[in-house]
Each structure stands twice: as C-alpha cells, then as structure tokens.
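Structural overview for review
One letter stands for each residue in the lines below.
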Amino acid sequence: MFKDRKIAVLGAGKLGEALITGLVEAGLVGKEQFIATAAHKERLERLHSKLGVETTLSNQDAVRRSNLVLLCVKPQTVREVVQQISGDLTPEHLLISVAASVTTRFIEDLIPKPVPTIRVMPNTPCLINKGMSAIAIGRHATADHLVQAQRIFDAIGRSLIVDEKHMDAVTGLSASGPAFVYIIIESFVEAGVKVGLPRETATQLAAQMVLGAASMVLETGEHPAKLKDIVTTPAGCTIDGILELEEGGLRVTLIKAVVRATECARELVNG
C-alpha cells in the first residue's frame, strides 16, 4: 500500500517520531520514504541521527516531494502551516491531521483544491505502540484513503472509525483519559504504601492490574460491569471497597472530568 510512496511528517515532535518508528518497525514503510520537518534545525539533526530519516526546515519542499502528508503540528499553528503548503498540495495527496479540535472542514476551506483530508485523534500511549486513535473522514477522502489511515495508526496501537461530530468527545475520553488513569494508578500506589507495601512493589502491582483489567475488557468483549461482578464475591473484600468508591463519588467525578475535557476541546479552535 505504501510502497514507493514518500511520506512528509510536518512538525515531527514526539508523535511524529512515534509514527515514523511504528511504521518502520511494522515493515509498512522504509525509513528512506520519510521526509520530516520541524521548526528548529537542532530537532531535525536529532531526528536524522536517531531515525535515519531525511529532514528539512521547509514544509513546502516536504509536501512537493511527497504523496502522503502527516500534519502533526499544534492546533494553533494549523492555519499557518496549511496556508503555507496549500499551493503545493494536489488532489493526488492524502493529508492526515492529528491536530486536536481542528475539523476537516476547517482544513479543506484553507485549500483551493479538493485534497483528500482525514482527521485523527491519537493518544500518548501511541508513543509505545499501545495507543488508541479515532479516525474521521473528510469530504474528498475515499474508502481507500480511510484504509491507508487505519494501516498507519494500527501500527502504533488500535484505531477506530468515528463520525467527525464525535471527535471532541474522543479527545475528552481517550486523548485526555490517560492523564486521569495515571492519577488513578498513582492513588492505588499511595494506597498500597498506606497499607504497608514498598512503593516499587505497589507501583508494579497497580500498573499491571490496570493493564490486565483493560485487556480483559478488550479481549473478552464483556461489559465492564459483568467483569466487575466476577471479582465481587458475596460478603468479600471487594464489595466493601466498591462502597467506598461510590460514597466518594468516583464514578460521577470521572464522568465530569471527561465532560469538561470535551467542552475544552470544543473551545480550542473554532472551525
């Protein structure tokens, strides 16, 4: 699918680097097929040294020499960068944006040609190939373009196709969510220390427990409530802990956290 294609990674920060590494390690793309850009020469030198990919300070040059463009810049700079490259984009390109809150319509309206555009919302576990990415298709993109995007983001985790109207909610849940889970893990660790466990032991127990519980949901396909009931034996220890969680309002607090993060995502960029 990507053989002999040149891929431009515009704004190759941590996510751009993860995409390059993931695609190369998955055997989908050779490192010689990439051309990465960044705002600073020092960053490009590090990328070239670490990944062995071609780099340039010129976004226009990268786009002119590519077939597929991964737009990895910050939401606030999307307008500037897209206007910068709009004259070099053609309908033969595929433009994939990972900028939070920036709609495909916003990008398409900046380009005077029908360039296929896809919007993706990944999360930070993509950095270790354990990410979750939601994919939404723009007006000019086809089913083939969608398959290409899925192949790219499946290389760094899992991907899911959603209607673009849900993308801000995706941002609030799966993009912001890891931060909420880290707080939960941190709290489990502190609880372990409180009841006498060494901190390192508590950290490993808590982190692996969360990983295992999440894997049970994904691999069994069972509702989380059913899996919870399997752990919760009559008159056992778990039900007492659950009562404390309910009394403390954990469920409502997590829901409110996702709702607030979603609202913030809607306010980031108008478009």
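Bear in mind the structure is a predicted one, so any value in this text is a computation, not a measurement. (Residues numbered from 1 in each chain as written. Predicted model: local features only at pLDDT ≥ 70, side-chain atom pairs only at ≥ 80, totals over all residues. Heavy atoms only, no water.)

**Looking at the pairing of strand S8 (residues 157–161)**
Here 5 bridges tie strand S7 (residues 131–137) to S8, and the two strands are oriented parallel to one another. Across the sheet, residue Ser133 finds its bridge partner in S8, namely Ser159. In this region the chain leaves S7, passes through helix H6 (residues 143–154) and returns to the parallel neighbour S8; the handedness of that crossover is right-handed. (Pairing = 2+ DSSP bridges. Helix = DSSP H or I, 4+ residues; strand = E, 2+ residues; numbered from the N terminus. Right-handed = clockwise from strand over helix to strand, strands pointing away.)

**Points about the pattern of salt bridges**
Per the stated rule, a full pass over the model turns up 14 salt bridges. Put simply, Glu108 and Arg139 hold a salt bridge, and the shortest N to O gap is 2.8 Å. Of this pair, Glu108 sits in helix H5 (residues 104–108) while Arg139 sits in the loop between S7 and H6, and the two are 31 residues apart along the sequence. The exposure class assigned to Arg139 is partly exposed, which follows from its relative accessible area of 46%. (Salt bridge = Lys/Arg side-chain N within 4 Å of Asp/Glu carboxyl O. Buried < 20%, exposed > 50% of the residue type's maximum accessible area, 1.4 Å probe, protein only.)

**Quick word on the environment of Ala8**
You can see Ala8 is positioned in strand S1 (residues 7–10). For Ala8 and Glu80, which are 72 residues apart along the polypeptide, the C-alpha to C-alpha distance reads 17 Å. Not counting residues within four places of it along the chain, the set of residues in contact with Ala8 comprises Ile35, Ala62, Val63, Ser66, Leu68, Val69 and Leu70. (Contact = heavy atoms within 4.5 Å.)

**Observations regarding the packing of helix H7 (residues 167–175) against helix H12 (residues 250–268)**
When two helices pack together, their arrangement is given by the angle between the helix axes and by the axis-to-axis distance. At a minimum axis separation of 7 Å, H7 and H12 run at an interaxial angle of 135°. Taken together, the axes of H7 and H12 lie oblique to each other. Between H7 and H12 lies a crossing of right-handed hand. Residues Asp168, Ala169, Thr171, Gly172 and Leu173 of H7 lie in contact with H12, whose contacting residues are Val258, Ala261, Thr262, Ala265 and Arg266. (Axes fitted to C-alpha atoms, helices over the stretch in contact; angles between N-to-C directions. Parallel < 35°, antiparallel > 145°, perpendicular 65-115°, else oblique. Left-handed = near helix turned anticlockwise from the far one by under 90°.)

**Details of the nonpolar core**
The biggest cluster of nonpolar side chains holds 32 residues, and the ones touching the most others in it are Val9, Leu70, Ile96 and Ile152. Within the residue set of this core, elements represented by two or more residues are S1, helix H1 (14–25), strand S2 (34–37), helix H2 (41–51), strand S4 (68–71), strand S5 (94–97), strand S6 (117–121) and H6. If you tally residues by element for this core, the top one is H6, at 4 residues. Ignoring any residue separated from it by four or fewer positions in sequence, one finds Leu70 in contact with Ile7, Ala8, Val9, Leu10, Leu19, Ile96 and Ile152. Counting 21 residues, the second-largest nonpolar core is a separate cluster that includes Ala8, Leu71, Leu95 and Val115. (Core = buried A, V, L, I, M, F, W, Y, C linked by side-chain atoms within 4.5 Å.)

**Quick notes on the pairing of S2**
Here S2 shows a buried face lined by Phe34 and Ala36 and a second buried face lined by Ile35 and Thr37. Two elements, S1 and S2, share 3 bridges in a ladder whose sense is parallel. Residue Val9 lies in a different strand from S2, and its bridge partner there is Ala36. In this structure, S2 lies alongside strand S3 (residues 54–56), joined through 3 bridges in parallel fashion.

**Description of the sheet that holds S4**
Pairing is mixed in the open sheet, where 8 strands are placed in the order S3-S2-S1-S4-S5-S6-S7-S8. Looking at the sheet topology across the chains shown, the edges are occupied by S3 and S8. In this sheet, adjacent strand axes meet at a mean angle of 25° when their direction is disregarded. Two strands pair when backbone bridges link them, and S1 and S4 are joined in this way by 4 bridges, in the parallel orientation. Directly across from Ile7, in S4, lies its bridge partner Leu68. Together, S4, S5, S6, S7 and S8 form the strand contacts of H6, whose direction differs from that of S8 by roughly 155°.

**A look at H12**
Compared with the 27 Å implied by 1.5 Å per residue over 19 residues, the 27 Å span of H12 between its first and last C-alpha is a close match. Residues of H12 that are buried include every one of Ala261, Thr262 and Ala265, and no others. Here the buried residues of H12 occupy an arc of 100° about the axis, which is enough to place them on one side. Turned more than 90 degrees away from the buried face of H12 sit Val252, Lys256, Arg266 and Glu267, all of them exposed. Buried residues belonging to H12 abut H7 and helix H8 (177–194). (Expected span 1.5 Å × (residues − 1). Arc of directions from axis to C-beta.)

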